[in-house]
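Inside the fold
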Amino acid sequence: MYDCQSDSYADFTVAQQTTTTTTQALRRPEPLAGDVRVRALPGHEAVLTELAISAERQGYLAERRGARLTLFAVTLADVLAFNRAFATRATFSAEFRLAAPVAFHG
């Protein structure tokens, strides 16, 4: 990871849990997911309604405020599919983070 304030670089890894139960060990990992903000391109405001309907059909919560739409806890795979389907009429912005703690090495 690059830190522009100190002009330095540090590697990072996902920290391992110290105690793991059998249930935790056998559980499928959570998919990478995050909130997605979508803004319609000029003249394409109807795309937000189409996208909200599509997302809600897949079980996602969608909230519209004016010319912006937020989709909550969307998996990375689904965001990429939404982007592929609607990118000619909207811009997508998202941040994805792993649930596991991260240990930095530098």
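Residues numbered from 1 in each chain as written. Predicted model: local features only at pLDDT ≥ 70, side-chain atom pairs only at ≥ 80, totals over all residues. Heavy atoms only, no water.

So, about the packing of aromatic side chains. Under the definition given, this model contains one aromatic pair. Taking the centre distance of 6.4 Å and the plane angle of 75 degrees together, the rings of Tyr60 and Phe82 count as edge-to-face. With Tyr60 in the loop between α2 (46-57) and β5 (61-65) and Phe82 in helix α3 (residues 76-86), this residue pair connects regions lying 22 residues apart in the sequence. In this structure, Tyr60 and Phe82 share a single accessibility class: buried. (Phe/Tyr/Trp six-rings, centres within 6.5 Å; stacked < 30°, edge-to-face > 60°. Helix = DSSP H or I, 4+ residues; strand = E, 2+ residues; numbered from the N terminus. Buried < 20%, exposed > 50% of the residue type's maximum accessible area, 1.4 Å probe, protein only.)

Quick look at α3 now. Within α3, the full set of buried residues consists of Val79, Phe82 and Phe86. For α3, the buried positions fall inside an angular range of 60 degrees around the axis, keeping them on one side. Facing away from the buried side of α3 by more than 90 degrees, the exposed set consists of Ala77 and Arg84. (Arc of directions from axis to C-beta.)

Turning our eyes to something else, we now look at the sheet that holds strand β7 (residues 90-94). Sheet architecture is open: four strands sit in the order β5-β6-β4-β7, paired in antiparallel fashion. Each end of this open sheet is capped by a strand with a single partner; those strands are β5 and β7. On average, each strand axis in the sheet is inclined to that of its neighbour by 25 degrees, with strand direction left out of account. Alignment of strand β4 (residues 33-40) against strand β6 (residues 68-75), held across six bridges, turns out to be antiparallel. Residue pairing in the sheet places Gly34 in a bridge with Val74 of β6. The strands touched by α2 are β4, β5, β6 and β7; relative to β6, the strand with the most contacts, the crossing angle is about 25 degrees. Relative to β6, α3 is tilted by about 140 degrees, and along the sheet it contacts β4, β6 and β7. (Pairing = 2+ DSSP bridges. Axes fitted to C-alpha atoms, helices over the stretch in contact; angles between N-to-C directions. Contact = heavy atoms within 4.5 Å.)

Under the criterion given, the structure shown has two salt bridges. Here Arg89 and Glu50 are joined by a salt bridge, their closest N and O atoms 3.0 Å apart. Pair noted here: Arg89 is in the loop between α3 and β7 and Glu50 is in helix α2, with a separation of 39 residues, a long-range link. Put simply, Glu63 and Arg65 hold a salt bridge, and the shortest N to O gap is 3.4 Å. Judged by relative accessible area, Glu63 falls into the partly exposed class, the value being 33%. (Salt bridge = Lys/Arg side-chain N within 4 Å of Asp/Glu carboxyl O.)

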